[in-house]
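# Fold and contact review
These are the residues of each chain, in order.
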Amino acid sequence: MVGSRIRRVRAPNPSAMTLSGTNSYLVGDVEGVICIDPGPGIAKHVDRLIAESPGPIRWIVLTHGHPDHAPAAAPLRAKTGAIVAAHPRSAVPHDRALDEGDVVECGTTRLQVVHAPGHTFEHVVLFEPQERALFTGDVILGEGTVVIAPPAGEMRAYQATLDRLLRDFSNARTIYGGHGDEVTDPRAKIAEYIEHRKIRERELLGALAEGSQTIPDLVKRIYAQTPRVLWPAAARQMLAYLLALEREGRVTSVEAPRAPNADEHAILNPEWSSMVGEDEARVIEAELGAQLRLDALRVYTLTR
Ligand SMILES: [Zn+2]
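Here the structure is a predicted model, which is why all the values come from computation and not from measurement.

### Concerning the nonpolar core
Core analysis: the largest hydrophobic core is formed by 82 residues, its most contacted members being Ile34, Cys35, Val61 and Met238. In terms of residues, this core owes the most to one element, helix 6 (residues 231-247), which gives 11 residues. A domain-level breakdown of this core finds at least three residues from each of domain 1 (6-195) and domain 2 (210-302). Once you skip the residues sitting within four places of it in the chain, Val61 turns out to touch Ile34, Ile36, Ala85, Val104, Leu111 and Leu126.

Take a look at the structure:
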């Protein structure tokens, strides 16, 4: 339970990627309710959403299609007859496409649709004007930072989304993220996220200024204090920056004259299914863009 028209129901799927679990939100009243991010396909979570809803669930809105946010849409739709709505490019089956500026209306509840690419290209953020609530999915979380992993994730698009949220929604009172608790100082949080990306990029450019580096080199250096289990996520972050910098002509890369060794390979293409359960592996692989194999070792150099 959070705001008067907003209830959070946390899914029972805690993990390194989902923190204490995915947040599903029920927004509305006895007239009708919009469920934002029904979460993973866990039957008892779907039942809880229905049981805790203050009114009939008429809409299911997906912030994005990741497997910790969207699979419950189908069973919840089957049980409630709700309309499933998602970004036009979402691969998750949906009844309505949400364009930029659309308003989802349900009883007295209105949600403004904001296209928010970066974490994925098909991410939307929702703004509820009565409570000035910003539902940010995996764009901004209640704790920690967000993984921006190619090919679905794109760093410059993500940074532009953060800039836009700060510009257009600085009057938001609360951020309701896809994981973690509510954020009661949205302006400061968004500014902190913007700054965090700039700091990481400066660290990356600083490392390259001392000589050419591979992604595993960069990770070991920049994320030296970070637990090794998170290094594959760090590698994908580095890749997201490097792809942007290459496109901008600030960095060039060539394939290294050797293949990655076992240690480097484990950072670039970890075998998650041997380390965690199958459901968790699927979430991690989606979040990290594991379908993009990094089989070759590339050497990145700053252009002068
Ligand atoms: Zn996600």
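### Focus on unusual backbone geometry
Across the junction of Pro150 and Pro151, the peptide omega takes the value 5°, indicating a cis bond. Along the polypeptide, Pro151 turns up in the loop between strand 10 (133-137) and helix 3 (155-168). In this structure, Asp37 takes a positive phi of about 55° despite not being glycine. As for its position among the elements, Asp37 is in the loop between strand 3 (32-36) and helix 1 (43-52).

### So, the pairing of strand 3
Burial analysis of strand 3 places five of its five residues in the buried class, the great majority of the element. For strand 2 (residues 23-29) and strand 3, the ladder comprises five bridges, and the chain directions are antiparallel. When the sheet's bridge partners are listed, Leu26 is paired in strand 3 with Cys35. Turn length for the strand 2-strand 3 hairpin, with the two strands adjacent in sequence and antiparallel, is two residues. Taken together, strand 3, helix 1 and strand 4 (residues 57-61) form a β-α-β motif whose crossover is right-handed.

### A closer look at the environment of Lys79
Within the element layout of this structure, Lys79 appears in helix 2 (residues 73-80). On the basis of neighbour count, Lys79 is assigned to the partly exposed category, with 13 C-beta atoms found within 10 Å. In the structure, Lys79 is positioned 216 residues away from Asp295 in sequence and 44 Å away in space, judged by C-alpha atoms. Residues in contact with Lys79, not counting those within four places in the same chain, are Val46 and Ile50.

### Digging into the sheet that holds strand 1 (residues 6-10)
Read across the sheet, six strands follow the order 1-2-3-4-5-6 without closing on themselves; strand pairing throughout is mixed. Edge positions in the open sheet fall to strand 1 and strand 6 (96-97), since each of these has one partner strand only. Sheet topology places strand 4 next to strand 5 (residues 83-86); three bridges connect them, and they run parallel. Each bridged residue has a counterpart across the sheet, and for Val61 the counterpart in strand 5 is Ala85. Helix-sheet contacts for helix 1 involve strand 1, strand 2, strand 3 and strand 4, and the interaxial angle to strand 1 is about 160°. Along the sheet, helix 2 makes contact with strand 3, strand 4 and strand 5, crossing strand 4 at roughly 165°.

### Looking at the sheet that holds strand 10
Read from one edge to the other, the open sheet built from five strands follows the order 7-8-9-10-11, with strand pairing classed as mixed. Every other strand in the sheet has two partners, leaving strand 7 (103-106) and strand 11 (174-177) as the edge strands with one partner each. In this sheet, neighbouring strand axes are inclined to one another by 25° on average, regardless of whether the strands run parallel or antiparallel. Where strand 8 (residues 109-115) and strand 9 (residues 124-128) come together, four bridges link them in antiparallel fashion. Residue pairing for strand 9: His115 is matched across the bridge by Val124.

### Things to note about the domain arrangement of the protein
Domain annotation for the protein reports domain 1 (6-195) and domain 2 (210-302). Measuring from the centre of the C-alpha atoms in domain 1 to the corresponding centre in domain 2 gives 28 Å. Contact with domain 1, which involves 16 residues of that partner, is made by 17 residues of domain 2. Split by residue class, the side of domain 1 that touches domain 2 holds nine nonpolar, four polar and three charged.

### Topic: the environment of Glu201
Locating Glu201 in the fold gives a position in helix 4 (residues 186-209). Residue classification places Glu201 among the partly exposed residues on the basis of 15 C-beta atoms within 10 Å. Sequence spacing of Glu201 and Gln237 is 36 residues, and the spatial spacing of their C-alpha atoms is 9.9 Å.

Basis of the calculations
- Residues numbered from 1 in each chain as written.
- Predicted model: local features only at pLDDT ≥ 70, side-chain atom pairs only at ≥ 80, totals over all residues.
- Core = buried A, V, L, I, M, F, W, Y, C linked by C-beta atoms within 7 Å.
- Buried ≥ 20, exposed ≤ 12 C-beta atoms within 10 Å, placed from the backbone.
- Helix = DSSP H or I, 4+ residues; strand = E, 2+ residues; numbered from the N terminus.
- Domains from an automatic or database assignment.
- Contact = placed C-beta atoms within 7 Å.
- Pairing = 2+ DSSP bridges.
- Right-handed = clockwise from strand over helix to strand, strands pointing away.
- Axes fitted to C-alpha atoms, helices over the stretch in contact; angles between N-to-C directions.
- Nonpolar A, V, L, I, M, F, W, Y, C, P; charged D, E, K, R; others polar.

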